[in-house]
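Fold and contact review
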Amino acid sequence: MSSKPQKMPKVAKVKDKSPAELQITAEQLLREAKERELEIVPPPPRQKISDPEELQEYRLKKRRAFEDSIRKNRGNISNWIKYAKWEEEQQEIRRARSVYERALDVDHRNITLWLKYAEMEMRSRQVNHARNVWDRAVTILPRANQFWYKFTYMEEMLKNIAGARQVFARWMEWEPDEQAWLTYIKFELRYKELDRARQIYERFVMVHPEPKNWIRYARFEESHGYIQGARRVLERAVQFFGDEHFDEGLYIAFAKFEEGQREHERARAVYRYALDHMPREKCLLLYNEYTRHEKKHGDRSSIDAVITSKRRFQYEEAVRANPHDYDAWFDYVRMLEADGDADLVREVYERAIACVPPLKEKRHWRRYIYLWIYYAVYEELITKDMERARQVYQMCLRLIPHKVFTFAEIWLLYSKFEIRQKDLTAARKALGQAIGMCPKHKLFRGYIDLEIKLREFDRCRKLYEKWAEFDPENCKMWIQFATLEAMLNDSERARGIYELAICQPRLDMPEYMWKSYIDFEVEQEEWGRVQTLYERLLERTHHVKVWISYARCQHAAPPQEEGPARARGVFQRANRALRSCQEKEQRLMLLEAWRDYEDEFGDDISLEKVKQLLPRKVTRRRQVAADDGSKMRWEEYVDFVFPDDETAKPSLLLLAKAKEWVKKKQQQEQEQEQQEEPLTPPLEDNTAESQPHSDQTNGQEEEPDRDLDRDDSDVDVGSSSDSSSSSDSEEEDKKKTKRKRRAKSTSSSSSSSSDEEEEKKKTSEEGKRKERKQPRSNTPPRSSSEEREADAEDRRKKAKDFFT
């Protein structure tokens, strides 16, 4: 018999798929489910047992259920514990004990099982059974501290102190953790057994030899009034750990103990001993505590000593981390110099100068060389050991690689040191050696200053000669040399030095050199030589400042009444010379200086003449290349137009108006062509017919463009705005004529391929157009070339008449 196919349940179609107004979140669903779980469920009905038979039946049923569950999963200890607890509730202690024993046979290392078993015996007041369980538990699992805690607590609650102590003794044989020992000590202290507690502490600090346990032992002794015992404990701790296992916490506790007993010297001794023997990196907290102690109980000297010690520790750490940190060395030695310990300062200086820079580059040696300088100055001024200071200078000079670089300062300091020691020969020898090995400007300058102070001018001359051989381009050297001779009233020698200097092929500051030479001659009032120098200088340069200075000098030269004329002549020469100069700003500066001069020393006529020479400022534009070099752009710049330049060039305004006239003429011709366009035949014939006329118009436009074509960069944009607009319209007209020529060239090529009839039509139409365009007159017809020449001549006459 075949079964009917199962029908699928009908699913209701959702008619409205729009979202509901009240959305239900997943959180809300979970909250509702949780609330349903928390609803009060009525308890199951209580079964009332009325007779012993029913009770036995109930117990048999429960035991059968427990046994079945144990049989199914024998290793599940929770089933055993539930079974035993149920038997305990039924007051069946023997059966519960049997269940626990059976469970221990299954897993005798389960700590929870032993705890439940022993607690059941304790609740049922079976003390011996409980002791038996605890004894078996600590024997099987001696590392489970819970058994020992429960066992000792039970014995103490039973007032069996001896038994509890015996359990503790058995526990301590296994050397448990620190808390077990502390629990044992507290047990003894509760019963005032201080000696037993002290013995336990002795064993405790040996089993767990840590500083905090020794500190606990000392505090135990201190708390019970055994001060000497506490001190002995701390001393034993210091000896026990020795120098290899220092701990700053132990020393801090020792020092605080002594401080609490008002033994401040002992505390200070402990701090100092620790700071002297402990590694620097491990006693930062100790330094802080020592500082605090000294601030509270020490005097000013002790406070300074501890602060110095702390800073010294910091500097030691810094120089150990980076031996080439010379700033840290500087601070370190300054601090030690303030303390006044010379041996310690020398030691630190020796350690510092031993840190030679690894690279032979001067930038790495700049800070390092000052260590040597400070060392030498310290030996000279503080310790007064001159021989040692001399050795420091000499060692430093031997260390510097003079062939690569040198330091002029160290040579000069050494020479000055020898002079202070009244050994002039050694000082000169040192400076001469420096100049011979590594000549520098500072060495020459220092050596010369020394000889000048000693009034050894012959030696100064020799040094200047050596300096000139070393660097003949140095203008300052030549000026100083000449100034020295001038001071010695040897004008000829100074003049010779100046002549020799300006004859050098190269000078670093030639203008400074010439100015000094001219000032020298002015001081000597050699006006002829001054004029000669200016003329020689103008042969080399035409700088505007030279001309202005020359004019001022000519004004100051005697005779005074001729001064303005001479100065005015120099200004005129300068104006003519700078006319061809590309930099118009220099000429403007000259004219402004001339104007100021005339305003101060001239009259109104001369001032007006100079003002007429001043340029006017105009704005121009020019084409410059773009940054990429591909496109050209226009930019505006300020230019100066001088009156004499305008007279030499054609008028810019005239040029602009000429271009404007050409533009208007072209516009009139275009309007005439537009008026004649409706009378022309169709496009294919008109192109060919218009070719002679276009040639004629081209011929007419070429000559005005050729006559009036100028450089746009010369147009004054600021003075005439019409010129820029005319140039733009002219460019547009040129583009239009080019387009017309291209169209005419294409039309001419197409017309050359037509037949003879079309050519006849074109010539006839051309004749009609000429008759229509030209006015009727009795003059005979002219050819196209004659017409172009006549039109060009006519335009030139009109332009001439217009401008005149």
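Residues numbered from 1 in each chain as written. Predicted model: local features only at pLDDT ≥ 70, side-chain atom pairs only at ≥ 80, totals over all residues. Heavy atoms only, no water.

Things to note about the overall build of the protein
Let me state the cut-off plainly: To qualify as a helix, a DSSP run of H or I must reach at least 4 residues; to qualify as a strand, a run of E must reach at least 2; elements of each kind are numbered from the N terminus. Under the scheme applied here, a residue whose accessible area is under 20% of the maximum for its type counts as buried, over 50% as exposed, and between as partly exposed, the area being computed with a 1.4 Å probe on protein chains only. By the convention used here, residues are in contact when the closest approach between their heavy atoms is within 4.5 Å. Residue burial considers only the protein chains on display, and all accessible areas are found by Shrake-Rupley using a 1.4 Å probe.
A tally of helices and strands in the protein yields 39 helices and two strands. Going through the 804 residues of the protein one by one, you find that 37% of them count as buried. By sequence separation, contacts in the protein at least 24 residues apart represent 51% of the contacts at least 6 residues apart. Of the roughly 51100 Å² that the protein leaves accessible, carbon and sulfur atoms contribute 49%.

Some details on the pattern of salt bridges
Basically, it comes down to this: The term salt bridge refers to a side-chain nitrogen of Lys or Arg lying within 4 Å of a carboxyl oxygen of Asp or Glu.
The full count for this structure, using the stated rule, is 58 salt bridges. The partner of glutamate 379 in a salt bridge is arginine 346, with the nearest N and O atoms 2.9 Å apart. Taken together, the residues glutamate 379 in helix α20 (residues 368-381) and arginine 346 in helix α18 (residues 342-353) connect sequence positions 33 residues apart. The burial state of glutamate 379 is the same as that of arginine 346; both residues are buried. Residue glutamate 451 pairs with arginine 428 through a salt bridge whose shortest N-O separation is 3.1 Å. Of the two residues, glutamate 451 sits in helix α24 (residues 441-453) while arginine 428 sits in helix α23 (residues 424-437), which places them 23 residues apart along the sequence. The residues glutamate 451 and arginine 428 share a single accessibility class, namely buried. Each member of the salt-bridge network shares a partner with another, and the members are Asp458, Arg461, Glu485, Asp490 and Arg493.

Comments concerning the environment of phenylalanine 407
Inspection of the secondary structure assignment puts phenylalanine 407 in the loop between α21 (386-399) and α22 (408-420). With relative accessibility at 9%, the residue phenylalanine 407 sits in the buried group. Sequence separation between phenylalanine 407 and arginine 366 is 41 residues, and the spatial gap between their C-alpha atoms is 8.7 Å. In this view, phenylalanine 407 contacts Lys362, Trp365, Arg366, Ile369 and Ile400; residues no more than four positions away in its chain are not counted.

Looking at the packing of aromatic side chains
For the record, the criterion: Between the rings of Phe, Tyr and Trp (Trp by its six-membered ring), a pair exists once the centres lie within 6.5 Å; its type follows the angle of the planes, with under 30 degrees stacked, over 60 edge-to-face, and the other angles tilted.
Within the structure shown, the criterion is met by 39 aromatic pairs. On the numbers, 5.0 Å between centres and 35° between planes, the contact of tyrosine 201 with phenylalanine 220 is tilted. Of this pair, tyrosine 201 sits in helix α10 (residues 194-207) while phenylalanine 220 sits in helix α11 (residues 211-223); the two residues are 19 residues apart in sequence, bridging distant segments of the chain. Accessibility assignment for this pair places tyrosine 201 and phenylalanine 220 in one class, buried. Between the aromatic rings of tyrosine 498 and phenylalanine 520, the centroid separation amounts to 5.5 Å while the plane-to-plane angle is 35°, which identifies the pairing as tilted. You can see tyrosine 498 sitting in helix α27 (residues 491-502) and its partner phenylalanine 520 sitting in helix α28 (residues 510-523), a full 22 residues away along the chain.

Comments concerning the side chain of glutamate 88
As a reminder, the rule being used: Contacts described as polar in this section are N or O atom pairs within 3.5 Å, which, within protein, must combine one atom able to donate a hydrogen with one able to accept it, while residues neighboring in sequence count only if both atoms come from side chains.
Along the chain, glutamate 88 falls in helix α3 (residues 77-89). Look at glutamate 88 and you get buried, because its relative accessible area is 16%. Side-chain polar atoms of glutamate 88 contact the side chain of arginine 123, separated by 3.2 Å. Residues within four places of glutamate 88 in sequence aside, it is in contact with Ile93, Ala96, Met120 and Arg123.

Notes on unusual backbone geometry
The residue after proline 558, namely proline 559, is reached through a cis peptide bond having omega -5°. Within the secondary structure layout, proline 559 lies in the loop between α30 (544-556) and α31 (563-577). At lysine 192, a residue that is not glycine, the phi angle is positive and equals roughly 60°. If you trace the backbone, lysine 192 turns up in the loop between α9 (178-190) and α10. With phi around 60°, asparagine 489 is a residue other than glycine that occupies positive phi space.

Considering the environment of isoleucine 140
With respect to the helices, strands and loops of the structure, isoleucine 140 is situated in helix α6 (residues 127-140). Between the C-alpha atoms of isoleucine 140 and histidine 108, which are 32 residues apart in sequence, the distance is 8.3 Å.

Observations concerning the packing of helix α17 (residues 326-339) against α18
Which entries qualify depends on this criterion: Axis lines are fitted through C-alpha atoms, for helices just across the contact stretch, and the angle between N-to-C directions can take any value from 0 to 180 degrees. Each angle receives one of four descriptions, namely roughly parallel if under 35 degrees, roughly antiparallel if over 145, roughly perpendicular if within 65 to 115, and oblique otherwise. All amino acids are sorted into three groups, where Ala, Val, Leu, Ile, Met, Phe, Trp, Tyr, Cys and Pro are nonpolar, Asp, Glu, Lys and Arg are charged, and the leftover types, Gly among them, are polar.
For the pair α17 and α18, interaxial distance at closest approach is 9 Å and the crossing angle is 170°. Compared by their axis directions, α17 and α18 come out roughly antiparallel. Contacts between α17 and α18 involve Trp329, Tyr332, Val333, Leu336 and Glu337 from the first element and Leu344, Val345, Val348, Tyr349, Arg351 and Ala352 from the second. Of the residues contributing to the contact of α17 with α18, the split by class is nine nonpolar, no polar and two charged.

Considering the environment of lysine 609
Structurally, lysine 609 can be placed in helix α33 (residues 604-613). Put simply, lysine 609 and arginine 595 are 14 residues apart on the chain and 9.2 Å apart in space, counted from C-alpha to C-alpha.

Looking at helix α5 (residues 111-123)
This is how the line gets drawn: Take the number of residues in a helix, subtract one, and multiply by 1.5 Å to get its expected span.
Look at α5: 18 Å from first C-alpha to last across 13 residues, which is about the 18 Å you get at 1.5 Å a residue. Leu113, Trp114, Leu115, Tyr117, Ala118, Met120 and Glu121 are the residues of α5 that are buried. As for α5, its buried residues are in contact with α3, α4 (93-106), α6 and α7 (145-157). Near the N-terminus of α5, the side chain that reaches the backbone nitrogen of threonine 112, with its oxygen 3.1 Å away, is that of asparagine 110.

Considerations on the confidence of the model for the protein
Put simply, the test is: The quantity known as pLDDT measures the predictor's confidence residue by residue, on a range of 0 to 100.
Taken residue by residue, the protein gives an average pLDDT of 80. The fraction at 70 or more is 79%. A low-confidence stretch, residues 770-783 stays under pLDDT 50, and its non-local contacts, those more than four residues away or across chains, total six contacts.

Concerning the nonpolar core
Heads up, the condition is: For this analysis, a nonpolar core means a set of buried residues of the types Ala, Val, Leu, Ile, Met, Phe, Trp, Tyr and Cys, connected via side-chain atoms within 4.5 Å.
Judged by nonpolar contacts, the single largest core of 100 residues is most densely connected at Trp329, Leu371, Ile410, Trp478, Met513 and Leu590. Those residues within four positions of leucine 371 in sequence are excluded, and the remaining contacts are Tyr326, Trp329, Phe330, Tyr349, Ala352 and Ile353. Listed in part, the 77 residues of the second largest apolar core include Ile81, Val233, Leu275 and Phe313.

Section: the packing of α3 against α5
α5 packs onto α3 with a crossing angle of 5° between their chain directions and a minimal axis gap of 11 Å. It follows from the interaxial angle that α3 and α5 lie roughly parallel. For the pair α3 and α5, contact is made by Ile77, Ile81 and Glu88 and by Thr112, Leu113, Lys116, Met120 and Arg123, respectively. Residue composition of the contact of α3 with α5, by class: four nonpolar, one polar and three charged.

As for α31
Put simply, the test is: The directions from the helix axis to the C-beta atoms are what the arc is built from.
When the terminal C-alpha atoms of α31 are compared, their 21 Å separation across 15 residues agrees well with the 21 Å that a helix rising 1.5 Å per residue should span. The complete set of buried residues in α31 reads Gly563, Pro564, Ala567, Val570, Phe571, Ala574 and Asn575. Viewed end-on, α31 has its buried residues packed into an arc of 140°, placing them on one side of the element. Turned more than 90 degrees away from the buried face of α31, the exposed residues are Ala565 and Arg576. Residues of α31 that are buried in the fold lie against α30, α32 (584-601) and α33.

With respect to the side chain of asparagine 575
In this structure, asparagine 575 sits in helix α31. Accessibility expressed as a relative area gives 5% for asparagine 575, which makes it buried. Here asparagine 575 is in contact with Arg587, Leu590, Leu591, Trp594 and Leu613, once residues within four sequence places are set aside.

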